[in-house]
Amino acid sequence: MPFALIVTTGSSYLLTCSANVVHDLVGQVRRSQPPTDRQNLWIGRIAVLVVATLGFVMVSFFPSVLALQMYAYTMYGATITPVLFAGLFWKRATAAGALSAMAVGALATIVWEVTGRSDELNSVLVALPLAVLSLVGVSLLTTRGRVDEPESMAAPSR
C-alpha cells in the first residue's frame, strides 16, 4: 500500500509539471499559432520524460533533501534576489540586465557547486556579486523599453 501511494504521488507531480510546461511555457510562447492537441500531447510526454530525468539526476547528485534545499536557496539568492531588488529600487534596470544577471548567477552557482569549491566558500558569496555586476553592466549598456501605463493608472482627463 505505501508503494502505491508513492507511485501515485510521483505520477501526479510529473503530470502537473508536464501540464505547466504545455500550458504556461509552450502555450504562452506560441499564442499566435497555438499547438494542436496532438502536439500538446507529445510536448507533455517529452516534458514528463525530461522532468523525471531531472528528478533522477537531482536525487543522484544530492545526498539529502537538506542539501537540495540549501542548493535551491543558494540558486534563488544568486539569481532572483538581485533582479527583484533592482526591479523595485533601481529605475535604470533593464530586461536584458535582469536576464543576464539570472544567467550569470545560475551559471556561477552551478560551476561553484559542481567543482566542489562550495565546501570552502559558499557559492552565493561568489555568484551574487557576479550577478549584480552583470545586472548593472548590461543595464547600463542597454536601453529600457517604453512601458505603457494602463488606463486605470493614467491621469484622469477633464
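A brief structural summary. (Residues numbered from 1 in each chain as written. Predicted model: local features only at pLDDT ≥ 70, side-chain atom pairs only at ≥ 80, totals over all residues. Heavy atoms only, no water.)

1. A look at the nonpolar core
Cut-off, in case you're wondering: Residues belong to a common nonpolar core when they are buried Ala, Val, Leu, Ile, Met, Phe, Trp, Tyr or Cys residues joined through side-chain atoms within 4.5 Å. Accessible area is worked out with a 1.4 Å probe on protein chains only. A residue is then buried under 20% of its type maximum, exposed over 50%, and partly exposed in between. Secondary structure elements follow DSSP: runs of H or I of four or more residues count as helices, runs of E of two or more count as strands, with numbering from the N terminus. Contacts between residues were defined by any pair of non-hydrogen atoms, one from each residue, lying within 4.5 Å.
One finds V83, A86, A93, A98, A101, A131 and L135 forming the largest nonpolar core, which totals seven residues. Where this core is concerned, the elements lending two or more residues are α3 (65–89), α4 (95–114) and α5 (124–141). Those residues within four positions of V83 in sequence are excluded, and the remaining contacts are A98, A101 and M102.

2. Brief notes about a nonpolar patch on the surface
Note the following rule: The patch calculation keeps residues exceeding 30% relative accessible area without a salt bridge and links them within 9 Å when they carry like charges or within 5 Å when they are nonpolar (Val, Leu, Ile, Met, Phe, Trp, Tyr). For accessible areas, the Shrake-Rupley method is used with a probe of radius 1.4 Å. Any residue's cover is judged against the shown protein chains and nothing else. The salt bridge criterion pairs a side-chain nitrogen of Lys or Arg with a carboxyl oxygen of Asp or Glu, the two atoms within 4 Å.
A contiguous nonpolar surface patch, about 650 Å² in accessible area, is contributed by Y76, I80, L84, F85, L88 and F89. Counting through the fold element by element, L88 comes out in helix α3. With relative accessibility at 54%, the residue L88 sits in the exposed group.

3. Here we look at α5
Stated precisely, the cut-off is as follows: What a helix is expected to span follows from its residue count: subtract one and scale by 1.5 Å.
Under the 1.5 Å per step criterion, the end-to-end length of α5 is 25 Å for 18 residues, consistent within 8% with the ideal 26 Å. Those residues of α5 that are buried are in contact with α3 and α4.

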